[in-house]
Amino acid sequence: MLLFRGPHWDQGLSTDELQRTMDNIMAWFEGLNERGKIKGAQPLSAQGRTISGTNGRFVVDGPFTETKEAVGGYLVLQADSFEDAVEVARTNPALRYGVSVEVRPILAECPIFARHPEIVRRAGERAASVRDPWATMAA
Amino acid sequence: MNATSTKSDYLLLFRGNVWDRGLSPAQIQKVVSDWMAWFEGLKAEGKCLGGHPLEERGKVVSGKQRTVADGPFAESKEAIGGYFYLTVADEDEAIEIAKRCPGLEYGSVVEVRPVADVCSIRQRVDEYSTQQLADATA
Amino acid sequence: MSQSTEPTAAAAPGDISRLTDHLFRHEAGKLISVLTGIFGINRLQLAEDVVQESLIRALRTWPYTGVPKNPAAWLTQTAKNLALDLIRREKLFHDKEPQIIALMEQWPSESAEHESPMFENEIRDGRLRLMFACCHPALSAEDQTALALRTLCAFSPAEIGKAFLTTEAAIAKRLTRAKQKIRDEHIPFEIPAGDELSRRLDGVLQTLYLLFNEGYKASSGDHLIREELCLEAIQLASLLAEHPAGDRPRTHALAALMLFNAARLPGRIDREGNILRLKEQDRSTWNQAMIARGMQRLTLSAAGTELTPYHLQAGIAACHCVAIDYQATEWEKILSLYDQLLELDSSPIIALNRAVAVANVHGAQAGVDAVHSIERGTQLNSYYLLYAVLGELETQLHHFQAAIANFRKALELTELTSEQLFLSKRLAETERSSLQNVA
């Protein structure tokens, strides 16, 4: 997952520059999309709320961190490896204007069990027969 | 995002990767069960389209030089640990859902962010382009 | 450009129920002992940390992906990967590193074709070695029980604090001290052999007995944790009994005693949380399956000529368990067992319990006499049950003033709410009876 931070990077740019950059950014997204690399992507509104405390009793306006650190959007990327994802991130056109891109691997489903379901099932059965005595006792 | 319905989309960002450190095995097991039930329930109701945990490692790419640095994720109260993608009636509903996060009890924080229809910057550019076009053809 | 994220695969039905009761705690307990076997007893904290991190990993992913088909194997695999990673990255073991890594690679891997019986043995042996290490005589009794609860049963310091009515910080300090002692005294991580085994086994049994009693007696803290302590003690005793090192009549006797007492736990408290006397308890709440298992253990304990206090206490508990009601209790048999017990262990507490049996066989006055003939030390004089028993017996004899005085004294000596309530009730009843008699 790519997390884009620093949503107000556009300040101080002339509208021509802005237009060009936006075109570049669109092209960047479209390029990735055509290669089937985007599983999902959205910009996030600058508003929002932050919730904390037991049962969520504290509700505060605004995103979690200060504006320049706030997450402005995300992109779920299909990449061959973590390193590839980082390389993709490095090509984002908004970087030169102060946007930073956080690259985080998404935790996959347990690969062990996806790959060897029948082995795991057998192991599960054996484990059941060697069960701790007290577990049956507690019934 | 649904253009035709009256629903809105929100991202729940789960902040903090230290809240679980001091928990006992019994507490961890309870949070696992509760969180699963919460996630499954929301998906069954069609309110959550998906979610993922994020690995603790990561990189941050920034600057004109496109430098790559290690993410400052160790022991952080701000690090994003995972997310849910919600599609619900309005922000209040998203907030009510967020309040049920089982991690809140132990110090986890949930950020609720509306998913924007259109990137606000893009919107400004479009408006400017439209204005320019209007001026040119006036 | 906008696409919604794909929904993740739905978890299979009944997923959450595959999280069996205390799965995390039991797996943590097992894993700590196996890792300690590999890292060495001096690195106990490291083993605990790796296991804690494995549980946290489960917390991070299972809510999204569902409970894995074999949760225990997942936790084991994760712990193994974390440990290997840590060992390589932090170069903790210097020259021993290759051996340790080799040991760890022998763990069942994800591509293992068969469940490894060797690994199961390793787990069992590891737990026993840890048991002997935790119950080493160089550690104080308090430290032994705290350490056993933490490392063998994976209770958190907070939970242990609740059981012993002390703070989490105090327990944490105790644990640190115990682990330091292990390093300083070079306490070995092994199952002793020969003569030493016999001696050390007594120490282990003693610790398990104390552990069980912490859970059993009403003077501990949180009631749910108390019950778990009893069940954990039983599990450890059973584990010990089933291993050649611990397979002795006295181990079976201790296990039997624990089972007989734990079986009767549900009947001891009424719905409002008040303590019930044996004669008032609803025996249909007693766990018959546990009693049956206790009988099996009792039979095993009868092999050979060994007769220990555990045997006799188990025998006494068995008498209560088989009686269909209070009246059917064979008090003569119980008294005879107490007589034998007193010969082996002249503790005043045992003498007090014997006095109750005397009263049931020979009448209340004989019981009072038996109590008065116990040699009083400071321990007994400040024991609230001494006065509670006298109060009961004097009430039966209609010596109401004596009874009231004794109940008052008992009330002064106990701090537990449940006991205070019970004693206040008895006091009030006795006061009423005394007024009725005068009138």
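Undergrad: I would appreciate a short explanation of empty space enclosed by the protein in the present structure.
TA: It is the rolling of a water-molecule-sized probe over the atoms that shows where space remains empty. Applying the stated criterion across every chain yields a total of 2 cavities of 30 Å³ or more. Empty space within the largest cavity amounts to approximately 170 Å³. Taken together, 19 residues form the lining of the largest cavity, with Trp19, Trp35, Gly81 and Gly82 of chain B together with Arg60 of chain C sitting closest to its centre. Mapped by element, the contributors of at least two residues to the lining of the largest cavity are strand E1 (8–15) and strand E5 (80–88) of chain B together with helix H2 (44–65) of chain C. A per-element tally of the lining of the largest cavity places H2 of chain C first, with 4 residues.

Undergrad: Hey, could you run me through the interface of chain B and chain A in this one?
TA: The extent of an interface is frequently quoted as the accessible surface area lost upon association of the parts. Between chain B and chain A, the contact holds 48 residues from the first and 50 residues from the second. At the boundary of chain B with chain A, total buried surface from both sides reaches about 4500 Å², with 63% on carbon and sulfur atoms. Along the contact surface separating chain B from chain A lie 1 salt bridge. Glutamate 91 of chain B is paired through a salt bridge with arginine 49 of chain A; the nearest N and O atoms lie 3.0 Å apart. The tally of links from chain B across to chain A stands at 15 residue pairs in polar contact (both at pLDDT 80 or more). At the level of secondary structure, the elements contributing two or more residues to the side of chain B that touches chain A comprise E1, strand E2 (48–53), strand E3 (59–62), E5, helix H2 (91–98), strand E6 (109–114) and helix H3 (120–137) of chain B. As defined by bridge partners, strand E3 (residues 49–52) of chain A adjoins E6 of chain B across 3 bridges and the pair is classed as antiparallel. Opposite threonine 50 of chain A, over in E6 of chain B, you have glutamate 111 of chain B as the bridge partner.

Undergrad: I tried to follow the pattern of salt bridges on my own but got confused; where do I start?
TA: Should the charged atoms of two oppositely charged side chains come close, the side chains can pair. All names here are of chain C. Scanning the entire structure with this criterion turns up 35 salt bridges over all chains. Glutamate 392 is the partner of arginine 426 in a salt bridge, and the nearest nitrogen-oxygen pair spans 2.7 Å. Here arginine 426, found in helix H21 (residues 417–438), pairs with glutamate 392, found in helix H19 (residues 384–396); they are 34 residues apart in sequence, far enough to count as distant. Given a relative accessible area of 9%, arginine 426 falls into the buried group.

Undergrad: What is the right way to look at the packing of H2 of chain C against helix H3 (residues 71–90) of chain C in this model?
TA: A packed helix pair is summarised by two numbers, namely the angle formed by the two axes and the spacing between the axes. Residues and elements named next belong to chain C. Where H2 contacts H3, the two axes come as close as 9 Å, and the packing angle between them is 125°. In terms of orientation, H2 and H3 fall into the oblique class. Handedness of the H2/H3 crossing: right-handed. Counted together, Leu46, Val50, Glu53, Ser54, Leu55, Arg57, Ala58, Thr61 and Trp62 of H2 and Pro71, Trp74, Leu75, Thr78, Ala79, Leu82, Ala83 and Leu86 of H3 form the full contact between these two elements.

Undergrad: Explain the environment of methionine 258 of chain C here, please?
TA: Residues and elements named next belong to chain C. Structurally, the position occupied by methionine 258 is in helix H11 (residues 249–263). We classify methionine 258 as buried; its relative accessible area is 1%. Spatially, the C-alpha atoms of methionine 258 and leucine 208 are 9.6 Å apart, while their sequence positions differ by 50 residues. If we ignore the near neighbours within four places in the chain, the residues touching methionine 258 are Leu208, Tyr209, Phe212, Ala233, Ile234 and Ala237.

Parameters and conventions
- Residues numbered from 1 in each chain as written.
- Chains lettered and ligands numbered in written order.
- Predicted model: local features only at pLDDT ≥ 70, side-chain atom pairs only at ≥ 80, totals over all residues.
- Heavy atoms only, no water.
- 1 Å grid on protein atoms, 1.4 Å probe; cavity = no way out; pocket = protein on both sides within 12 Å on 5 of 7 lines; lining within 4 Å.
- Points joined across faces, edges and corners; volume = space filled by probe spheres on them.
- Helix = DSSP H or I, 4+ residues; strand = E, 2+ residues; numbered from the N terminus.
- Contact = heavy atoms within 4.5 Å.
- Buried area = accessible area lost by both parts, 1.4 Å probe.
- Salt bridge = Lys/Arg side-chain N within 4 Å of Asp/Glu carboxyl O.
- Polar contact = N/O pair within 3.5 Å; in protein donor to acceptor, adjacent residues only side chain to side chain.
- Pairing = 2+ DSSP bridges.
- Buried < 20%, exposed > 50% of the residue type's maximum accessible area, 1.4 Å probe, protein only.
- Axes fitted to C-alpha atoms, helices over the stretch in contact; angles between N-to-C directions.
- Parallel < 35°, antiparallel > 145°, perpendicular 65-115°, else oblique.
- Left-handed = near helix turned anticlockwise from the far one by under 90°.

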